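Geometric and topological summary
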Amino acid sequence: DVKVTQSSRYLVKRTGEKVFLECVQDMDHENMFWYRQDPGLGLRLIYFSYDVKMKEKGDIPEGYSVSREKKERFSLILESASTNQTSMYLCASSSQGASGANVLTFGAGSRLTVL
Amino acid sequence: AQTVTQSQPEMSVQEAETVTLSCTYDTSENNYYLFWYKQPPSRQMILVIRQEAYKQQNATENRFSVNFQKAAKSFSLKISDSQLGDTAMYFCAFMKPRGGNKLVFGAGTILRVKS
């Protein structure tokens, strides 16, 4: 069964802390994504990666950075966590097949609370 | 930029009945893809159904079907014979081709199936 695994289901951090959210996929997918989910706003794209060491900003990249050193792993980094980054974070991956409508497979989400 | 609107924040339906969730979108693209994802309380996002805009035939997957009206930019989801396990948040999403498989999501509709 294909999988996207997010290392932490729940995290509680302090304002100003550096936070790492890890995501690993076992499907050899080229594309990986980080979304943020907030009530009434749906999911919004933070960053996207289409290859190792390649990244592209999404709609809300401010306050975040990402790292993709290996194909299977995509990390989201909050350099200095703030209370407005309290949210649910979802990682996803997809292949770069020719069909153009490749389905995203999602992880179970990481709920981050910043105090 | 593309936008996706789900105008029903919450809906409820009796078990075994039929319910329709609404979704409209805005795009200048002629070819694109539309999706419905389901997020149960476990938080795992699951693909429900996918529609390709160049296909006039509405997609169906067992009890789930869509009413795709391209001219009206409408993409509603019909769930027949609702089951308790259908209780979830449902997201409508848009993807344009050659866009790196990035999804643009609506705000979501919470569906509660009552026994």
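As shown above, the structure is provided for reference.
Because the structure is a prediction, the values reported are computed rather than measured.

Rules and cut-offs
- Counting of residues starts from 1 at the beginning of each chain's written sequence and follows it residue by residue.
- Chain letters and ligand numbers both follow the written order, the letters beginning at A and the numbers at 1.
- Per-residue local features of the predicted model are confined to residues with pLDDT of at least 70, and side-chain atom pairs are confined, for both listing and counting, to 80 or more; whole-chain, interface and lining totals are unaffected and use all residues.
- Side-chain measures here rest on the full set of heavy atoms in the structure, leaving out hydrogens and waters.
- Here a pair means two rings of Phe, Tyr or Trp (six-membered ring of Trp) with centres within 6.5 Å. Their orientation is stacked below 30 degrees between planes, edge-to-face above 60, and tilted elsewhere.
- Secondary structure elements follow DSSP: runs of H or I of four or more residues count as helices, runs of E of two or more count as strands, with numbering from the N terminus.
- Each residue's exposure class comes from its accessible area (1.4 Å probe, protein chains only) as a fraction of the maximum for that residue type: buried when under 20%, exposed when over 50%, partly exposed otherwise.
- Whether a charge sits over a ring depends on NZ of Lys or CZ of Arg being within 6 Å of the ring centre and within 35 degrees of the ring normal.
- Any two strands with at least two DSSP-identified bridges between them are counted as paired.
- It only takes one pair of heavy atoms within 4.5 Å for two residues to be counted as in contact.
- Buried area is understood as the total, over both parts, of accessible area removed when two parts are fitted together, assessed with a 1.4 Å probe.
- Salt bridge, as used here: a side-chain nitrogen of Lys or Arg that lies within 4 Å of a carboxyl oxygen of Asp or Glu.
- Polar contacts here mean pairs of N or O atoms no more than 3.5 Å apart (in protein, one a potential hydrogen donor and the other a potential acceptor; neighbouring residues in sequence count only if both atoms are side-chain atoms).
- Charged residues are taken to be Asp, Glu, Lys and Arg, nonpolar residues to be Ala, Val, Leu, Ile, Met, Phe, Trp, Tyr, Cys and Pro, and polar residues to be all remaining types, Gly included.

With respect to the packing of aromatic side chains
The geometry of an aromatic ring pair comes down to the distance between the two centres and the angle between the two planes. Following the criterion strictly, the structure yields 16 aromatic pairs over all chains and no others. Ring geometry for F106 of chain A versus Y37 of chain B: centroids 5.4 Å apart, planes at 80°, classification edge-to-face. In this pair, F106 of chain A sits in strand β10 (residues 105-106) while Y37 of chain B sits in strand β5 (residues 33-39), so the two residues belong to two different chains. In this structure, F106 of chain A and Y37 of chain B share a single accessibility class: buried. Put simply, the rings of F33, Y35, F48, Y50 and F106 of chain A together with F35, Y37, F91 and F105 of chain B touch in pairs and so form one group of aromatic residues. Lying over the aromatic face of Y10 of chain A, R43 of chain B brings its terminal NZ or CZ to 5.1 Å of the ring centre.

Overview of the pairing of strand β3 (residues 19-25) of chain A
Residues and elements named next belong to chain A. Residues V19, L21, C23 and Q25 of β3 are buried on one face, while the alternating residues F20, E22 and V24, pointing to the opposite face, are not. The sheet contact formed by strand β1 (residues 4-6) and β3 spans 3 bridges and is antiparallel. Opposite Q6, over in β3, you have C23 as the bridge partner. Pairing geometry for β3 and strand β8 (residues 73-78), over 6 bridges, is antiparallel. Note on β8: the bridge partner recorded for E22 is S75.

Quick look at the interface of chain B and chain A
At the interface, 20 residues of chain B touch 29 residues of chain A. Carbon and sulfur atoms supply 50% of the area that chain B and chain A bury against each other, a total of about 1,900 Å² over both sides. On the chain B side of the contact with chain A, R43, N101 and K102 of chain B bury the most area, a combined 35% of that side's loss. Along the contact surface separating chain B from chain A lie 1 salt bridge. The partner of E56 of chain A in a salt bridge is K102 of chain B, with the nearest N and O atoms 2.6 Å apart. Summed over the shared surface of chain B and chain A, the result is 10 residue pairs in polar contact (both at pLDDT 80 or more). Breaking the side of chain B that touches chain A down by element, the ones donating at least two residues are β5, β6 (46-52) and β10 (88-95) of chain B. The element that contributes the greatest number of residues to the side of chain B that touches chain A is β5 of chain B, accounting for 4 residues. Looking at the side of chain B that touches chain A residue by residue, the classes come out as 11 nonpolar, 6 polar and 3 charged.

Some words on the pattern of salt bridges
Summed over the entire model, instances satisfying the criterion amount to 10 salt bridges over all chains. Ionic pairing is found between R63 of chain B and D86 of chain B, a salt bridge with its closest N-O pair at 2.8 Å. With R63 of chain B in the loop between β7 (60-61) and β8 (64-69) and D86 of chain B in the loop between β9 (74-79) and β10, this residue pair connects regions lying 23 residues apart in the sequence. Classification of D86 of chain B by relative accessible area gives buried; the value is 2%. Salt bridges here are not isolated pairs; linked through shared partners, they connect R36, D38 and R44 of chain A.

Let's talk about unusual backbone geometry
Of note, K53 of chain A is a non-glycine position whose phi angle comes to about 65°, a positive value. By secondary structure assignment, the location of K53 of chain A is in the loop between β5 (42-51) and β6 (54-57). At K73 of chain B, a position not held by glycine, the phi torsion is positive, near 55°. Topologically, K73 of chain B is positioned in the loop between β8 and β9.

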